[in-house]
Amino acid sequence: MLRSFIPKAQLVTPRLSLASRSSVLQTIRHYSTPPDSMDEYESKIYGILEKEFTPSNLEVKDVSGGCGSMFAILIESQKFKGIPMIKQHRLVNETLKDEIKNWHGLQLKTKAAA
């Protein structure tokens, strides 16, 4: 609908060259130890997950704007090998149950390490 109001000459579709996409992808960092940029509570969550799952890749980020009520967690571990995703999520939820009860939400991504 909106396109009908904008002249075609003014429509711009951003496109990244292959080199630009590669550059963008290279800026994504995966941590095996907590980065210095984590706050105290993020580091606590990181430590709990690291102890329980010995992950090859772990990211913990407070996505609530700093109030600690919503987290995005990515965890890749050998302990997930052969386990369906729903059970992987249940394992993480069980491990963090004392913390999760105080949160508003959780974005969780799990993966079995290769």
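For the structure itself, consult the block above.
Below, the structure is looked at part by part. (Residues numbered from 1 in each chain as written. Predicted model: local features only at pLDDT ≥ 70, side-chain atom pairs only at ≥ 80, totals over all residues. Heavy atoms only, no water.)

## Some points on the overall build of the protein
Within the protein, the secondary structure is distributed over four helices and three strands. Sequence-ordered secondary structure for the protein, helices as α and strands as β, is α-α-β-β-α-α-β. The contacts of the protein with a sequence gap of at least 6 include a subset with a gap of at least 24, amounting to 51%. For the protein, the exposed area adds up to about 8,400 Å²; of that, 56% sits on carbon and sulfur atoms. (Helix = DSSP H or I, 4+ residues; strand = E, 2+ residues; numbered from the N terminus. Contact = heavy atoms within 4.5 Å. Areas by Shrake-Rupley, 256 points an atom, 1.4 Å probe, with all protein chains shown as cover.)

## Here's the deal with the packing of helix α2 (residues 40–53) against helix α3 (residues 85–95)
Between α2 and α3, the shortest axis-to-axis distance is 10 Å and the interhelical angle comes to 125°. Looking at the two axes, α2 sits oblique to α3. The handedness of the crossing between α2 and α3 comes out as right-handed. Residues Ile-48, Leu-49, Glu-52 and Phe-53 of α2 form the contact with α3, whose own contacting residues are Leu-91, Val-92 and Thr-95. A breakdown of the residues in the contact of α2 with α3 according to their chemical character gives five nonpolar, one polar and one charged. (Axes fitted to C-alpha atoms, helices over the stretch in contact; angles between N-to-C directions. Parallel < 35°, antiparallel > 145°, perpendicular 65-115°, else oblique. Left-handed = near helix turned anticlockwise from the far one by under 90°. Nonpolar A, V, L, I, M, F, W, Y, C, P; charged D, E, K, R; others polar.)

## Some details on the pattern of salt bridges
Tallied over the entire structure, the rule returns two salt bridges. The partner of Glu-99 in a salt bridge is Lys-44, and the shortest N-O contact between them spans 3.2 Å. Taken together, the positions of Glu-99 in helix α4 (residues 97–100) and Lys-44 in helix α2 put the pair 55 residues apart, joining distant regions of the chain. We note a salt bridge from Lys-97 to Glu-94, for which the minimum N-O separation is 3.0 Å. The class for Lys-97 is partly exposed, based on a relative accessible area of 45%. For Glu-94, a relative accessible area of 47% gives the class partly exposed. (Salt bridge = Lys/Arg side-chain N within 4 Å of Asp/Glu carboxyl O. Buried < 20%, exposed > 50% of the residue type's maximum accessible area, 1.4 Å probe, protein only.)

## Observations concerning α2
Here α2 is 14 residues long and its end C-alpha atoms lie 20 Å apart, about the 20 Å a rise of 1.5 Å per residue gives. Residues Glu-42, Ile-45, Tyr-46, Leu-49 and Phe-53 constitute the buried set of α2. Projection of α2 onto a plane perpendicular to its axis shows the buried side chains occupying an angular sector of 100°, all on one side. Away from the buried face of α2 by more than 90 degrees, exposed residues Glu-40 and Lys-51 are located. On the buried face of α2, the contacting elements are β1 (57–62), β2 (70–77), α3 and α4. Two to three positions downstream of the cap, the backbone nitrogen of Tyr-41 sits 3.1 Å from a side-chain oxygen, assigning the N-cap of α2 to Asp-39. Directly after α2, the chain includes Thr-54, whose backbone phi takes a positive value near 40°. (Expected span 1.5 Å × (residues − 1). Arc of directions from axis to C-beta. Polar contact = N/O pair within 3.5 Å; in protein donor to acceptor, adjacent residues only side chain to side chain.)

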